[in-house]
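As a plain string of letters, each chain reads:
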Amino acid sequence: MLPAGWAQVETELERLFDVPELPRRPMWLVIQPEAWERAAVRVVAARLRELLDPG
């Protein structure tokens, strides 16, 4: 399943059906406790938070 905008760009894809908006669900980022010490892990976690919860 792809977002409609992406599917429209890919000319080789065929639209089969539209999916109505899905309700929001929690997303968990599971990492090892010591991984949080790495800057790259914190950056990715922060970016995911911005993308998934902009408000």
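Throughout what follows, the structure given in this document is the object of discussion. What you see is a predicted model, and the numbers here were worked out from it, not measured in a lab.

1. Overview of the pattern of salt bridges
When charged atoms on two side chains of opposite charge get close, those side chains can pair.
Then, in step 1: Taken as a whole, this structure holds 2 salt bridges when the rule is applied.
Then, in step 2: With a shortest N-O distance of 2.4 Å, Arg 15 and Asp 18 are connected by a salt bridge.
Then, in step 3: You can call Arg 15 partly exposed: its relative accessible area is 45%.
Then, in step 4: A salt bridge links Arg 47 to Glu 50, with the shortest nitrogen-to-oxygen separation between them at 3.0 Å. Placement of the pair is Arg 47 and Glu 50 together in helix α2 (residues 39-52), with a separation of 3 residues, close to one helical turn.

2. Here we look at the layout of surface pockets
Then, in step 1: Size it by volume and the largest pocket reaches roughly 510 Å³.
Then, in step 2: Considered class by class, the residues forming the lining of the largest pocket number 12 nonpolar, no polar and 5 charged.
Then, in step 3: Its boundaries defined by the atoms lining it, the second largest pocket holds a volume of some 390 Å³.
Then, in step 4: Taken together, the residues of the lining of the second largest pocket sort by class into 9 nonpolar, 1 polar and 3 charged.

3. Side note on a nonpolar patch on the surface
Then, in step 1: Together, Leu 2, Trp 6, Val 9 and Leu 13 make up an exposed nonpolar region whose accessible area comes to about 410 Å².
Then, in step 2: Relative accessible area serves as the criterion here: at 60%, Val 9 is assigned to the exposed category.

4. Focus on the environment of Arg 42
Then, in step 1: With respect to the helices and strands, the residue Arg 42 is situated in helix α2.
Then, in step 2: Classification of Arg 42 as partly exposed rests on a relative accessible area of 34%.
Then, in step 3: Beyond its immediate sequence surroundings of up to four residues, Arg 42 is in contact with Trp 36 and Glu 37.
Then, in step 4: At 3.0 Å, the side chain of Arg 42 and the backbone oxygen of Trp 36 are in polar contact.

Parameters at a glance
- Residues numbered from 1 in each chain as written.
- Predicted model: local features only at pLDDT ≥ 70, side-chain atom pairs only at ≥ 80, totals over all residues.
- Heavy atoms only, no water.
- Salt bridge = Lys/Arg side-chain N within 4 Å of Asp/Glu carboxyl O.
- Buried < 20%, exposed > 50% of the residue type's maximum accessible area, 1.4 Å probe, protein only.
- Helix = DSSP H or I, 4+ residues; strand = E, 2+ residues; numbered from the N terminus.
- 1 Å grid on protein atoms, 1.4 Å probe; cavity = no way out; pocket = protein on both sides within 12 Å on 5 of 7 lines; lining within 4 Å.
- Points joined across faces, edges and corners; volume = space filled by probe spheres on them.
- Nonpolar A, V, L, I, M, F, W, Y, C, P; charged D, E, K, R; others polar.
- Patch = residues over 30% accessible without salt bridge, like charges linked within 9 Å, V, L, I, M, F, W, Y side chains within 5 Å.
- Areas by Shrake-Rupley, 256 points an atom, 1.4 Å probe, with all protein chains shown as cover.
- Contact = heavy atoms within 4.5 Å.
- Polar contact = N/O pair within 3.5 Å; in protein donor to acceptor, adjacent residues only side chain to side chain.

It is worth stressing that arrangement in space is one thing and function is another; only the former is reported here.
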